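Now for the letters of each chain:
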Amino acid sequence: LFDGVYPFYPQQRKAAVFDISTIIVIVVFLTLACSFLLIIPGIRGRARWYWTLRVLLSLFVGVVIVVVQFTGDWETGWVQANTSYKSFSPAQVNADIGLHIGLAGVNVTLRGNPVQQINETINYNEHFPWNFGADYDRSYSQGLEKGLPSPILYVAEKFTTQSPCAVHRQYRIAGHYASAMLWVAFCTWIISNILFSMPVLIYGGYMLLVTAAFMIFSLLSFSTVRNSPMCVIQIGTRTLQVAYGGSFWLMVAIGLLCFVAGITIVAMHYLNLDLLKTFFDLREDKAEEHQEMPEVLINPHFMNKGL
């Protein structure tokens, strides 16, 4: 023993809580938001609140577009059942089995009720990638070699290329195109911010509408997986059902938000341009706008003499 750990055997894997890529993206956007909040006191008047609303809302849209690329809850499902824990063993455990489908792969979780059962800690979260460049079947084979619990292997087997369910190819292609559409939406989001800062408000509004359109295209791309029937995932006497998860509905909300914001900006450009300029802090000085004459001082003595 070396500090209570066998030196020639790997330690027990712990369940993942957050994805590292997600944390990095969130930290980057939080840094940008904090940097802006440091300079916001230098903006005077009501423009300070307009700037705060615009910048924080824009950063929120940007972080959501990037973060959902790495999340695993575009489709989710949970079931609680009594099931066998290991192959060739009659031991039964009561556990929550979860299925989390993302754009780049699938996560299968297994958590015991309670966690400590049959002298083991039952708390697993295994990821099986299917993005381009990754081999899902190889990841599944590695899970077999490691001796993962039977419920995890049973659920993961449904998405292999050799499975009779035949959903691997459709999920893989749908996730790939949805991810590509979101990266295009991120690029158009950057362009819209550049146009708003130039400022070319009408074209910024158009680009915001393009951003919303690519978000909607990504949702439509992922939703095509529902065209093929999903195999029944029977665990014990219970059936694991999947439905659209938090990332999917969050993208729906952000897409509608960008669409409404773009439509509002375009409409205000034609209906009330002054109000739009006020919101973007582009009001011109009234003296310069109307080209008012500067104040002229007249000597009353010469004025009376002339009269």
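Throughout, residues of each chain are indexed from 1 in the direction in which the sequence is written. Residues qualify for local features only when their pLDDT is at least 70, as the model is predicted, and side-chain atom pairs are given and counted only at 80 or more; totals for whole chains, interfaces and linings, by contrast, use all residues. With hydrogens and water set aside, each side-chain value is computed from the structure's full complement of heavy atoms.

Between buried and exposed lies partly exposed: a residue is buried under 20% and exposed over 50% of the maximum accessible area for its type, with that area taken using a 1.4 Å probe on protein chains only. In this text, helices come from DSSP runs of H or I with a minimum length of four residues, and strands from runs of E with a minimum of two, each type numbered from the N-terminal end. For helix α3 (residues 136-146), the full list of buried residues reads Tyr136, Ser139, Tyr140 and Gly143. Buried positions in α3, seen along its axis, are confined to an arc of 100° and lie on one side of it. Structural note: α3 exposes Arg138 and Glu145 on the side pointing more than 90 degrees away from its buried face. Every residue pair with non-hydrogen atoms within 4.5 Å of one another is taken to be in contact. Buried residues along α3 sit in contact with β3 (105-117), β4 (120-129), α4 (150-157) and α5 (168-197). For α3, the N-terminal cap is Asp135; the gap from its side-chain oxygen to the backbone nitrogen of Asp137 is 3.2 Å. In this context, the arc is that of the directions from the helix axis out to the C-beta atoms. Here a polar contact is taken to be a pair of N or O atoms separated by no more than 3.5 Å, where protein atoms must pair a possible hydrogen donor with a possible acceptor and residues adjacent in sequence count only if both atoms sit in side chains.

A few words now on the pattern of salt bridges. Note that side chains of opposite charge can pair when their charged atoms are close. Basic side-chain nitrogens of Lys or Arg form a salt bridge, by our definition, when they fall within 4 Å of a carboxyl oxygen of Asp or Glu. Applying the stated rule across the entire model yields 2 salt bridges. In this structure, Glu120 and Lys86 form a salt bridge, with 2.9 Å as the shortest nitrogen-oxygen distance. Of the two residues, Glu120 is situated in strand β4 and Lys86 in the loop between β1 (75-84) and β2 (92-101); the sequence distance between them amounts to 34 residues. On the accessibility criterion, Glu120 (25% relative accessible area) is partly exposed. Classification of Lys86 by relative accessible area gives partly exposed; the value is 40%. The closest approach of N and O atoms between Glu126 and Lys146, which form a salt bridge, is 3.9 Å. Taken together, the positions of Glu126 in strand β4 and Lys146 in helix α3 put the pair 20 residues apart, joining distant regions of the chain.

This next bit is on the packing of α3 against α4. Where α3 contacts α4, the axes come no closer than 11 Å and their chain directions differ by 165°. Regarding the angle of α3 to α4, the classification is roughly antiparallel. At the point where α3 passes α4, the crossing takes the left-handed sense. Listed contacts from α4 to Tyr136, Tyr140, Gly143 and Leu144 of α3 are Leu153, Ala156 and Glu157. To get an axis, a line is fitted to the C-alpha atoms, and for a helix only the part in contact is used. The angle between two axes follows their N-to-C directions and goes from 0 to 180 degrees. By definition in this entry, angles of less than 35 degrees are roughly parallel, angles greater than 145 are roughly antiparallel, angles of 65 to 115 are roughly perpendicular, and the rest are oblique. Two helices cross in a left-handed way if the nearer one is turned anticlockwise from the farther one by less than a right angle. They cross in a right-handed way if the turn is clockwise.

Further remarks concern the packing of aromatic side chains. By convention here, two paired aromatic rings are described through the distance between centres and the angle between planes. Side-chain rings of Phe, Tyr and Trp, where Trp is taken by its six-membered ring, are said to pair if the distance between their centres is within 6.5 Å; with planes under 30 degrees apart they count as stacked, over 60 as edge-to-face, and otherwise as tilted. Under the counting rule described, the total for this entry stands at 16 aromatic pairs. Relative to Phe186, the ring of Trp183 lies with its centre 6.1 Å away and its plane at 85°, an arrangement referred to as edge-to-face. Taken together, the positions of Trp183 and Phe186, both in helix α5 and 3 residues apart, correspond to about one turn of that helix. Trp183 sits in the partly exposed class, given a relative accessible area of 37%. Exposure remark for Phe186: the relative accessible area of 17% places this residue in the buried category. Members of the aromatic cluster, connected to one another through ring pairs, are Trp74, Phe222, Tyr244, Phe248 and Trp249. Here, over-ring charges are defined by two tests on the NZ atom of lysine or the CZ atom of arginine: distance to the ring centre within 6 Å, and angle to the ring normal within 35 degrees. Cation over ring: Arg54 sits above Trp51, and NZ or CZ is 4.4 Å from the ring centre.

What follows concerns the confidence of the model for the protein chain. Note on scores: pLDDT gives the predictor's confidence for each residue, bounded by 0 and 100. Taken residue by residue, the protein chain gives an average pLDDT of 82. The fraction at 70 or more is 86%. Per-element confidence in the protein chain is highest for helix α6 (residues 201-223), whose mean pLDDT is 93, and lowest for helix α9 (residues 286-289), whose mean pLDDT is 39. When the criterion is pLDDT under 50, residues 5-12 qualifies, and its contacts beyond four places in sequence or with other chains add up to 4 contacts. Across residues 285-294, confidence stays below pLDDT 50; counting only partners more than four residues off in sequence or on other chains, it has 3 contacts.

For the rest of this paragraph, the subject is the nonpolar core. Core analysis: the biggest nonpolar cluster contains 68 residues, and Trp74, Leu99, Val106 and Phe159 have the highest contact counts within it. Filtering out sequence-adjacent residues up to four positions away, Phe159 remains in contact with Leu99, Ile101, Val106, Trp130, Tyr136, Val167, His168, Tyr171 and Met230. To form a nonpolar core, buried Ala, Val, Leu, Ile, Met, Phe, Trp, Tyr and Cys residues must be joined to one another through side-chain atoms within 4.5 Å.

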